[in-house]
Structure formats: C-alpha cells, structure tokens
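# Structural characterization, general
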Amino acid sequence: MMRNVRAALAFTLLFTSRASGQDSSGAAAAAGTTSAPEISVAPTKVDVKPVARDAEIRQRLENVLNATGWFTNPGVTVQQGVVFLTGEAKSAEYKKWAGDL
C-alpha cells in the first residue's frame, strides 16, 4: 500500500512541477498552441484513515510471505499500521522484496 502512495505522490509532484512551469498569461493560446489545464498544487498534508486493522495487515503479509516459500520462519508484527518483519530470507533479493512489500 505504501508503495502505491509513494508512486502516486511522485506522479503528482512530477506532474505538478511540469504544469507549474507554464506561462499563466495565455501566451501558449495566443501562439496557437493548446495548453494543458492548470493544475493546483498538491496539499502539504494528507489525512489517511486506516482501511485495515493491524491484525488484518499482519495476517495478509504472513500469508504472502509463506506463499512464496522464500523465507524461513517469517514473522510479522504490526503496531499502529507500522510493519516489522523477522525471519530469514533465502537471498538478498528476497529480503529487499519483503521490505518493499
């Protein structure tokens, strides 16, 4: 979930920064070119309401880690939506994958 939030945020920032570089005086329209609609600046703070309880997050992640077969004794602890993983990964690539998950 966090990965999707980061991707959306990066897209928003990239899109906003490109749009904000446009001349708001309408010079593009006067030159005969079509300009994109003006984009407002993204808010500095976004309130997020939890959509899953800690126990639901823990169970889902444990199921995913066990399903891969890539981990020995995978453990998941979730406190206030923050996930802590324990166990052993069969490779550094699998360890990174679990962290990105």
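Thresholds, definitions, all that
- Residues numbered from 1 in each chain as written.
- Predicted model: local features only at pLDDT ≥ 70, side-chain atom pairs only at ≥ 80, totals over all residues.
- Heavy atoms only, no water.
- Core = buried A, V, L, I, M, F, W, Y, C linked by side-chain atoms within 4.5 Å.
- Buried < 20%, exposed > 50% of the residue type's maximum accessible area, 1.4 Å probe, protein only.
- Helix = DSSP H or I, 4+ residues; strand = E, 2+ residues; numbered from the N terminus.
- Expected span 1.5 Å × (residues − 1).
- Contact = heavy atoms within 4.5 Å.
- Salt bridge = Lys/Arg side-chain N within 4 Å of Asp/Glu carboxyl O.

## Structural notes on the nonpolar core
Judged by nonpolar contacts, L61, L65, F71, V76, V78 and A98 together constitute the single largest core of 6 residues. Those elements giving two or more residues to this core turn out to be α3 (54-68) and β1 (71-79). In terms of residue count, the dominant contributor to this core is β1 (3 residues).

## Let's talk about α3
Compared with the 21 Å implied by 1.5 Å per residue over 15 residues, the 22 Å span of α3 between its first and last C-alpha is a close match. Where α3 is buried, its residues meet β1, β2 (82-89) and α4 (92-100). Directly after α3, the chain includes G69, whose backbone phi takes a positive value near 75°.

## Description of the pattern of salt bridges
Close approach of charged atoms lets side chains of opposite charge pair. Across all of its chains, the model carries 2 salt bridges by this definition. With a closest N to O distance of 3.1 Å, E62 and R58 form a salt bridge. With E62 and R58 both in helix α3 and 4 residues apart, the pair spans about one turn of that helix. According to the relative accessible area criterion, R58 is partly exposed, its value standing at 28%. Across the salt bridge formed by K96 and D100, the nearest N and O atoms sit 2.8 Å from each other. On the criterion of helical spacing, the pair formed by K96 and D100 is a turn pair, its members being 4 residues apart in helix α4. By relative accessible area, K96 is classed as exposed at 54%. Under the relative-accessibility criterion, D100 is labelled partly exposed at 38%.

## A few points about the environment of G69
Summarising the element assignment, G69 is placed in the loop between α3 and β1. The exposure class assigned to G69 is partly exposed, which follows from its relative accessible area of 35%. Placed 21 residues apart in sequence, G69 and K90 show a C-alpha to C-alpha distance of 9.1 Å.

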